[in-house]
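So the chains spell out like this:
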Amino acid sequence: MEFIELDGVALRYELSGKGDRTLMLVHEMGGSLESWDEVAPRFAGSRRVLRFDTRGAGLSQKVRGELSLDTMAGDIAALLDALKIAGKVALAGVAVGGAIALHFAARYPERTSAVAVGSPATGISPDRRPAALERLARIEADGMASVVEDAMLNGYAPELRSDTGRFEQFRARWLGNDPASYATIWRMLVNAEMQDELSKLRCPVLVIGGSLDRVRPPPFAQAVAKTIPGARYIELRTGHYMAVQTPDLISDCIDEFLKNVDA
């Protein structure tokens, strides 16, 4: 793992693997680059794999105030520049990481070869915003533990907890989030509006729905796929934190997609 300061923010990242092509992995809200621990090695034999803690998450610099998807996508571009990774890259993201990956594709089409996203959190509908704002206010006031049971029940379905060690590690790591940064990232999601840019994407896109995802059930993922011209949709037996819960399923799905579109 390495640390770098870019445009006034310190980010933790890892670059592994070999090859001419690069796969950028973007974790979910509340996650970190460790969310991809069992996915990254599966690609490292054939391509470079870049993953990082988004600002406000993991061991990257924490955030306060306002945050935008533009800023998050800009961090990816700055990291690629600093590491001298030129040309187009493929991106894979889960939940908010999926929204960041899609926004990067919209803002930097010349740098994007393809995007694969799982349960992409591209915004919150008006009827769900009051509950979301109430929840993030509770997190800011009372910390991550105040919502952990609900977050795990909806995001990490009991049906996926046969590997208890994996679940307990994820839960403990999730509890270690900085509450104010987590709430700031969530507020970014509440304010996101991506419909227009999604309809203009031209690169190959795969959208993955999780049949056991109770945070963003399959209809949410399907709706995103229908907005993107030519996007492919697949549903897997997984949950919201799919890169952690079912890494082989997700890896195989992303790998097949990237090969099919030659990205």
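For the structure itself, consult the block above.
These remarks concern the structure in this document. What you see is a predicted model, and the numbers here were worked out from it, not measured in a lab. (Residues numbered from 1 in each chain as written. Predicted model: local features only at pLDDT ≥ 70, side-chain atom pairs only at ≥ 80, totals over all residues. Heavy atoms only, no water.)

## A closer look at the environment of P41
By the secondary structure assignment, P41 is in helix 1 (residues 40-43). A relative accessible area of 54% places P41 in the exposed class. In this structure, the C-alpha to C-alpha distance between P41 and S251, residues 210 residues apart in sequence, is 9.7 Å. (Helix = DSSP H or I, 4+ residues; strand = E, 2+ residues; numbered from the N terminus. Buried < 20%, exposed > 50% of the residue type's maximum accessible area, 1.4 Å probe, protein only.)

## What about the pairing of strand 5 (residues 89-94)?
Among the six residues in strand 5, six count as buried, and that is most of the element. Alternating residues of strand 5 divide into V89, L91 and G93 and A90, A92 and V94, and every residue in both groups is buried. Of the pairings in the sheet, the one linking strand 3 (residues 22-26) to strand 5 comprises four bridges and is parallel in character. Paired with L25 across the two strands is A92, which belongs to strand 5. Pairing analysis gives six bridges linking strand 5 to strand 6 (residues 112-118), with the strands arranged parallel. Considered in strand 6, the bridge of G93 is made with V117. (Pairing = 2+ DSSP bridges.)

## Considering helix 4 (residues 129-142)
Here helix 4 contains 14 residues, and its C-alpha end-to-end distance of 20 Å stays within 8% of the 20 Å for a straight helix at 1.5 Å per residue. Looking only at helix 4, the buried set comprises A132, R135, L136 and I139. Considered in projection along helix 4, the buried side chains sweep an arc of 95° and stay on one side of the axis. When the buried face of helix 4 is taken as reference, the exposed residues oriented beyond 90 degrees from it are P130, E134, A141 and D142. The elements touched by buried residues of helix 4 are helix 5 (148-155) and helix 7 (179-191). Backbone geometry just downstream of helix 4 places G143 in the positive-phi region, at approximately 90°. (Expected span 1.5 Å × (residues − 1). Arc of directions from axis to C-beta. Contact = heavy atoms within 4.5 Å.)

## Some points on unusual backbone geometry
Look at A95: it is not a glycine, yet its phi comes out positive at around 55°. What makes A95 buried here is its relative accessible area of 3%. Non-glycine residue S119 carries a positive phi angle of around 45°. Of note, S119 is situated in the loop between strand 6 and helix 4. You can call S119 buried: its relative accessible area is 1%.

## As for the packing of aromatic side chains
Overall, the coordinates contain six aromatic pairs when judged by the stated rule. Between Y156 and F167, the aromatic rings sit 4.9 Å apart at their centres with planes inclined by 70°, giving edge-to-face as the arrangement. In this pair, Y156 sits in the loop between helix 5 and helix 6 (164-175) while F167 sits in helix 6, placing the two residues eleven residues apart along the sequence. Both residues of the pair, Y156 and F167, count as buried. Between W174 and Y182, the aromatic rings sit 5.6 Å apart at their centres with planes inclined by 75°, giving edge-to-face as the arrangement. Given a relative accessible area of 1%, W174 falls into the buried group. The rings of Y156, F167, F170 and Y241 are connected pair by pair, giving a single aromatic cluster. (Phe/Tyr/Trp six-rings, centres within 6.5 Å; stacked < 30°, edge-to-face > 60°.)

Honestly, that's just the spatial picture; any functional story needs more than this.
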